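Chain residues, written in single-letter form:
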Amino acid sequence: MSASSVPTRTQIAIVGGGPAGLMLGHLLSQRGIQSVILERRAADHVIERVRAGVLEQGTVDLLASAGVDERLRALGMRHDGIYVAFSSVRHRIDMAALTGGRAITIYGQNEVVRDLIQARQRTAEPLLFEVPDAAIHDLDTGHPRVTFTDDGRARDLSCDFVAGCDGFHGICRASIPADRLRTYERTYPFGWLGILANAAPTSDELVYSLHPQGFALFSMRSASVTRLYLQCAPDEDADTWSDERIWNELDARLTTEDGWHPARGPIVQKGVTGMRSFVAEPMRYGALFLAGDAAHIVPPTGAKGLNLAMADVSRLADAFDDYYRGGQSRSLESYSDRGLRRVWRAQRFSWWMTSMLHRAPEQGEFDYRRQLAELDYLVGSTAAMTSLAENYVGTPIA
Ligand code: FAD
Ligand code: DHB
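First, a word on scope: everything that follows refers to the structure included in this document. Residue numbering note: each chain is counted from 1, following its sequence as written. In the order they appear in the text, chains get letters beginning with A and ligands get numbers beginning with 1. Where local features are concerned, this predicted model is filtered to residues with pLDDT of at least 70; where side-chain atom pairs are given and counted, the filter is 80 or more; whole-chain, interface and lining totals use all residues. Remark: hydrogens and water are excluded; side-chain values derive from all non-hydrogen atoms of the structure.

When DSSP locates at least two bridges between a pair of strands, those strands are taken to pair. Secondary structure elements are defined from DSSP: runs of H or I of at least 4 residues count as helices, runs of E of at least 2 residues count as strands, and each element is numbered from the N terminus. The sheet built from 8 strands is open, its strands ordered β6-β5-β14-β15-β16-β13-β17-β20 with mixed pairing. Each end of this open sheet is capped by a strand with a single partner; those strands are β6 (89-94) and β20 (296-297). Where strand β17 (residues 267-281) meets β20, 2 bridges bridge the pair, whose relative direction is antiparallel. By the bridge assignment, F278 is partnered in β20 with I297. Its contacts with the sheet put helix α7 (residues 243-254) on β13 (182-197), β14 (207-211), β15 (214-222), β16 (225-232) and β17, and the angle it makes with β16 is roughly 85°. The contact criterion used throughout is that any non-hydrogen atoms of two residues lie within 4.5 Å. Simply put, an axis is a line fit to the C-alpha atoms, just over the touching stretch for a helix, and the angle between two N-to-C directions goes from 0 to 180 degrees.

And the structure:
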């Protein structure tokens, strides 16, 4: 967008153009509510960042009702079940059968972001990339403002509300006075080394595996691209992992006694992610509303982060709509409490999946045998599988 068309006033200033900020902007636009989205990085960086891949049924339904599911319907892969592997055996959990037909869809977060950027560009509403220095002011005065530099020019944007969608390391949560926020945090003594490989998936569904050498996950992005993860040290240097070493470790941790294993192919991307559980309460301070990773982080094992971000912005868009249509601030006031219930439920599930499937350095053989017993119980009990399935496919977004 040209520098001169940046407005000086809007209804909602959205800081962060990741999945949360872009989806919020889209939902607001559909409700006739103005917004300006400010993103620190370049568009290509935001689109190419390889992250989540599992969309809950509720997220798919939300994208469909918002009219941004054309490519998702064509390219997304619906999975009715997952495999859990341990002691060299794969066990299938039929999630759809256990949840009345609910399923997950494999569709890369970068594709969701690409679709949302295209939808935004069709509206011609402001979406500014490479904004390095957004700062928020006067959140408790009734006249909030966001200052930033765009195209070398200092800008001052006044607004009714600020949506903090700038992820875990953003400026929005950090702008809240420390005595107005309570945080809960847990870090894990391991991380994930993730790769994308040009190799056809050899399993039709995801495989979560516990092995004496640690966790491994088999996932995919398309009929020709596999996505794989290995438990590693939290500060692992990905460059110390040659392709050969990665494939050998994946083979060791994933191969099952029926001979199943991932197919090898050129590795086109690799990176290490730390694991953290984090919640900030409340998700609001004055005119600022936090959404997505800015407010909470889950370890990736339960595949909940992107889905929680989508649930937040759906609730927030509805609350802004109530406010602008009928002057009702009740929904804005309950935004945080209503969201935190879902957040804590996802925290519990993600912590549980992580603890069951990873080997912590301080744990010994007793803990490993206990994990195997838990997995054995899981795959032998309809009640336990139903509990996993209900949480994994997620509850509908209100
Ligand atoms: P982000 O994606 O972090 O976006 C925030 C945006 O704000 C970024 O674009 C950033 O550049 C921008 N920003 C930051 N600071 C500023 C600033 N000062 N000014 C302007 N802009 C700023 N979730 C799932 O649901 N399913 C999965 O399968 C899954 N797998 C994952 C696998 C991995 C390896 C990882 C790392 C994460 C995974 N997640 C998964 C989590 C998911 O990717 C995140 O929860 C999701 O990206 C959150 O979206 P967000 O928009 O809240 O935050
Ligand atoms: C993927 C990521 C996850 O965190 C997960 O639990 C399952 C799949 C993925 O990137 O495909």
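The subject of this paragraph is the nonpolar core. Here, nonpolar core refers to any group of buried Ala, Val, Leu, Ile, Met, Phe, Trp, Tyr and Cys residues whose side-chain atoms link them within 4.5 Å. When a residue's accessible area, from a 1.4 Å probe over protein chains only, is under 20% of the maximum for its type it is buried; when over 50% it is exposed; and in between it is partly exposed. Residues M23, L24, F148 and F320 are the most contacted members of the largest nonpolar core, which totals 79 residues. If you tally residues by element for this core, the top one is helix α8 (residues 305-326), at 10 residues. Filtering out sequence-adjacent residues up to four positions away, M23 remains in contact with L62, L63, A66, L116, M310 and V313. Among the nonpolar cores identified, the runner-up in size contains 58 residues, and L228, F349, L378 and Y392 belong to it.

Strand pairing in a sheet relies on backbone hydrogen bonds, with the paired strands running either antiparallel or parallel. Strand order in the open sheet formed by 3 strands is β3-β7-β4, with antiparallel pairing between adjacent strands. Each of the sheet's edge strands pairs with one partner strand only, and the pair in question is β3 (54-55) and β4 (77-79).

With that settled, the discussion passes to the site of ligand 1. Think of it this way: one heavy atom of a residue within 4 Å of a molecule or strand is enough to make that residue near it. Looking at ligand 1, there are 29 residues lining it, with E39, R49, Q109, D293 and L306 nearest. The definition of a polar contact used here is a pair of N or O atoms within 3.5 Å, where within protein one atom must be able to donate a hydrogen and the other to accept one, and adjacent residues in sequence count solely through side-chain atom pairs. E39 has a polar side-chain atom sitting 2.6 Å from an oxygen atom of ligand 1. The separation between an oxygen atom of ligand 1 and a polar main-chain atom of L306 is 2.7 Å. The Shrake-Rupley method, run with a 1.4 Å probe, gives the accessible areas here. Residue values count only the displayed protein chains as cover. Relative to its unbound accessible area of 1,000 Å², ligand 1 is 92% covered by the protein chains. A total of 3 residues in the shell around ligand 1 trace back to one element, the largest contributor, which is α8. Amino acid classes used here: Ala, Val, Leu, Ile, Met, Phe, Trp, Tyr, Cys and Pro are nonpolar; Asp, Glu, Lys and Arg are charged; the rest, including Gly, are polar. Of the residues contributing to the shell around ligand 1, the split by class is 11 nonpolar, 10 polar and 8 charged.

Turning next to the side chain of Q109. Looking at where Q109 falls in the secondary structure, it is placed in helix α6 (residues 109-123). The contacts of Q109, once residues within four sequence positions are left out, are P19, R51, A52 and L306.

Looking at the element boundaries, K270 is found in strand β17. Owing to a relative accessible area of 29%, K270 belongs among the partly exposed residues under this scheme. Here the alpha-carbon distance between K270 and R245, two residues 25 residues apart in the chain, equals 13 Å. Filtering out sequence-adjacent residues up to four positions away, K270 remains in contact with G194, I195, A238, D239, W241, D243 and I246. Within the structure, the side chain of K270 is placed 3.4 Å from the backbone oxygen of A238, a separation counted as a polar contact. Among the polar contacts made by the side chain of K270, one reaches the main-chain carbonyl oxygen of W241 at a distance of 2.6 Å.

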